[in-house]
Structure formats: C-alpha cells, structure tokens
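# Structure at a glance
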Amino acid sequence: MHVPIILVSSDAYLSYALVMCWSVMQCASEGNSYEFYVMHNDIPLSRQAWFQGAMSKWTQCRVNFLDVAVVDSTRDASVWNDRRPCMLFHAVYALIDVDKAIAIDIDVIVRKDL
C-alpha cells in the first residue's frame, strides 16, 4: 500500500522532522511504500539533500520537498493568500496527486505502523 504523509517544517526544525520520519520508518511494514511531503518555505537545497540522505536508509520511502513560497497562486487566490506552510494543510491536495494523505506534526513519535 502507498502511504502519503504530509508534514510542515522550517529549516530550524528540520532535525525534529527527521526524528518523526525515522519513527515512522522504524515501525513501517515491509509491504508498504511511504512518501513524505515536506511543506516549507525556507529549507535550502543543501539541507534537503541532507534530509534525503538520512532517509535513504529505507528503500521503501521517498521524500519530496514542497516549497510553498513558489506555488502558483493563480489556482485559487483565496487559498494561497497566506503562504505559511502551516496554513496550507487545507490546500495540500492542489499540490500533490493523492486521494488521501496522513498529516503528522513533526513533534510526534510514531510507535506503530501507520
């Protein structure tokens, strides 16, 4: 089963996001694939590469960084007025192509398979 997971982070909190993602993967079922979508507006490419490198331990996961500062606001101006990542959870389906996703705060430790 494909498990899309959405989280919001800034560069300052990226280490905490990594701990949460590691906790998900430590409990992951081998038959599932996990796709993390990290919504942000300030994480540089070097830190994204660091994060993806740390997550490369698991072959059944993929990490995507979604920079909401550059999202095309012509889709629905009322949705995109506030570009803070935490305010865009309700608009995430315009950013990714999934029917359902799990949103997890980065201060959560997952203790069972999702």
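Scroll up to find the structure.
Definitions and cut-offs
- Residues numbered from 1 in each chain as written.
- Predicted model: local features only at pLDDT ≥ 70, side-chain atom pairs only at ≥ 80, totals over all residues.
- Heavy atoms only, no water.
- Axes fitted to C-alpha atoms, helices over the stretch in contact; angles between N-to-C directions.
- Helix = DSSP H or I, 4+ residues; strand = E, 2+ residues; numbered from the N terminus.
- Parallel < 35°, antiparallel > 145°, perpendicular 65-115°, else oblique.
- Left-handed = near helix turned anticlockwise from the far one by under 90°.
- Contact = heavy atoms within 4.5 Å.
- Nonpolar A, V, L, I, M, F, W, Y, C, P; charged D, E, K, R; others polar.
- Buried < 20%, exposed > 50% of the residue type's maximum accessible area, 1.4 Å probe, protein only.
- Polar contact = N/O pair within 3.5 Å; in protein donor to acceptor, adjacent residues only side chain to side chain.
- Pairing = 2+ DSSP bridges.
- Salt bridge = Lys/Arg side-chain N within 4 Å of Asp/Glu carboxyl O.
- Right-handed = clockwise from strand over helix to strand, strands pointing away.

Moving on, we get to the packing of helix α1 (residues 14-26) against helix α2 (residues 45-55). For the pair α1 and α2, interaxial distance at closest approach is 10 Å and the crossing angle is 20°. With respect to each other, α1 and α2 are oriented roughly parallel. For the crossing formed where α1 meets α2, the hand is right-handed. Two secondary-structure elements touch here, α1 through Leu14, Ser15, Ala17, Leu18, Cys21, Trp22 and Met25 and α2 through Arg47, Trp50, Phe51, Ala54 and Met55. The residue makeup of the contact of α1 with α2, split by class, is 10 nonpolar, 1 polar and 1 charged.

Here we come to the environment of Asp97. Here Asp97 is to be found in the loop between α3 (77-80) and β4 (102-103). Residue Asp97 is classed as exposed on the basis of its relative accessible area, which comes to 79%. For Asp97 and Pro4, which are 93 residues apart along the polypeptide, the C-alpha to C-alpha distance reads 9.9 Å.

Counting through the fold element by element, Ser9 comes out in the loop between β1 (2-8) and α1. The exposure class of Ser9 is buried, given its relative accessible area of 5%. Polar contacts involving the side chain of Ser9 include one to the main-chain carbonyl oxygen of Tyr13, which spans 3.5 Å.

Ordered by their spatial adjacency, 4 strands build an open sheet running β3-β2-β1-β4, and the pairing between neighbours is parallel. For this open sheet the edge positions go to β3 (61-67) and β4, each flanked by a neighbour on one side alone. As paired elements, β1 and β4 share 2 bridges and run parallel to each other. Across the sheet, Ile6 pairs through a bridge with Ala103, a residue of β4. In the packing of α1 onto the sheet, contacts are made with β1, β2 (33-40) and β3, and the angle to β2 comes to roughly 165°.

Pairing between side chains becomes possible if they bear opposite charge and their charged atoms approach one another. Counted under the stated rule, the structure contains 2 salt bridges. Arg47 is paired through a salt bridge with Asp11; the nearest N and O atoms lie 2.7 Å apart. Pair noted here: Arg47 is in helix α2 and Asp11 is in the loop between β1 and α1, with a separation of 36 residues, a long-range link.

Before going further, it helps to spend a moment on the pairing of β1. For β1, the tally of buried residues reaches 6 of 7 residues, placing the bulk of the element in the interior. In terms of strand pairing, β1 meets β2 through 7 bridges, oriented parallel. Bridging across to β2, Ile5 finds its partner in Phe36. In this fold, β1 hands off to α1, which returns the chain to β2; that crossover is right-handed.

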